[in-house]
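Read off the chains here:
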Amino acid sequence: MEVMGSLGENSMQSSNLTEDYIIANGPEGLKEVLQALFEKASNDPDFATVDHFVLYELGDQRSLIKVDTAKEPYQFWYNDLLGRPATKIVRETIADFLWEKFGDGEISLKDEENGHVK
């Protein structure tokens, strides 16, 4: 997991996002970040109640993923910084994580622009 960074004020359309985020490079980086968030949230109830933001980067793709760790299974919101829908690899990485950690519950990713993406 890489250090936190900061996004400019106009980078996201949603006004209630914090400016701090964790950088994840590619699907392997996203897996590592999600695992680290899971471990920390499992051991620290205060940490679990705070929304977490991941900046996912792969080539020219830059997407902000909000992770709600307050209840299980976690909820995810996705917003590509160029307005594209969630890629198949991002959806699969999150679905695999949810399946591994929480079993056969409903798995969905909310796309900030287009609603739920299965």
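The structure under discussion appears in the preceding block.
Residues numbered from 1 in each chain as written. Predicted model: local features only at pLDDT ≥ 70, side-chain atom pairs only at ≥ 80, totals over all residues. Heavy atoms only, no water.

1. Let's talk about helix α1 (residues 26–43)
The terminal C-alpha atoms of α1 lie 26 Å apart, and with 18 residues this matches the ideal 26 Å at 1.5 Å per residue to within 8%. Turning to α1, its buried residues are G26, G29, L30, V33, L34, L37, F38 and A41. The inward-facing, buried residues of α1 abut β2 (20–25), α2 (45–48), β3 (52–58), β4 (61–68), β5 (75–80) and α3 (88–102). (Helix = DSSP H or I, 4+ residues; strand = E, 2+ residues; numbered from the N terminus. Expected span 1.5 Å × (residues − 1). Buried < 20%, exposed > 50% of the residue type's maximum accessible area, 1.4 Å probe, protein only. Contact = heavy atoms within 4.5 Å.)

2. Side note on the side chain of T93
Assignment of secondary structure puts T93 in helix α3. For T93, a relative accessible area of 5% puts it in the buried group. Only 2.7 Å separates the side chain of T93 from the backbone oxygen of I89, close enough to count as a polar contact. Discounting chain neighbours no more than four positions away, the residues touching T93 are P27, L30 and K31. (Polar contact = N/O pair within 3.5 Å; in protein donor to acceptor, adjacent residues only side chain to side chain.)

3. Side note on the packing of α1 against α3
Contact geometry of α1 with α3 gives a least axis separation of 10 Å together with a crossing angle of 35°. At the point where α1 passes α3, the crossing takes the right-handed sense. Contacts between α1 and α3 involve P27, L30, K31, L34, Q35 and F38 on the former and, on the latter, I89, V90, T93, I94, F97, E100, K101 and F102. Of the residues contributing to the contact of α1 with α3, the split by class is 9 nonpolar, 2 polar and 3 charged. (Axes fitted to C-alpha atoms, helices over the stretch in contact; angles between N-to-C directions. Left-handed = near helix turned anticlockwise from the far one by under 90°. Nonpolar A, V, L, I, M, F, W, Y, C, P; charged D, E, K, R; others polar.)

4. Regarding the nonpolar core
Membership of the largest hydrophobic core comes to 22 residues, with the highest contact counts inside it found for L30, I65, Y74 and F76. Elements supplying a minimum of two residues to this core: β2, α1, β3, β4, β5 and α3. Element by element, the count of residues in this core is highest for α1, at 6 residues. Y21, I23, F53 and L64 belong to the second-largest nonpolar core, a separate cluster that totals 5 residues. (Core = buried A, V, L, I, M, F, W, Y, C linked by side-chain atoms within 4.5 Å.)

5. Looking at the packing of aromatic side chains
In this structure the tally under the stated criterion is 7 aromatic pairs. Ring geometry for F38 versus Y74: centroids 6.3 Å apart, planes at 50°, classification tilted. In this pair, F38 is assigned in helix α1 and Y74 in the loop between β4 and β5, connecting sequence segments 36 residues apart. A relative accessible area of 17% places F38 in the buried class. A cation over an aromatic ring shows up here: K40 above the ring of F47, its NZ or CZ 5.4 Å from the ring centre. Looking at K66, its charged tip hangs above the ring of W77, at a distance of 4.6 Å from the centre. (Phe/Tyr/Trp six-rings, centres within 6.5 Å; stacked < 30°, edge-to-face > 60°. Lys NZ or Arg CZ within 6 Å of the ring centre and 35° of its normal.)

6. Things to note about the pairing of β5
Of all 6 residues in β5, 5 are buried; the element is thus mostly enclosed. Taking the residues that link successive antiparallel strands as the turn, the β4-β5 hairpin has 6 residues. (Pairing = 2+ DSSP bridges.)

7. Some words on the pattern of salt bridges
Taken as a whole, this structure holds 8 salt bridges when the rule is applied. Its salt-bridge partner being D44, residue K40 comes within 3.8 Å of it at the nearest N-O pair. Take D44: its relative accessible area is 25%, and that puts it in the partly exposed class. With its nearest N and O atoms 3.2 Å apart, the salt bridge here joins D80 to R84. Look at D80 and you get buried, because its relative accessible area is 3%. Taking relative accessible area as the criterion, R84 reaches 30% and is therefore assigned partly exposed. Salt bridges sharing partners connect three or more residues here, namely D60, D80 and R84. (Salt bridge = Lys/Arg side-chain N within 4 Å of Asp/Glu carboxyl O.)

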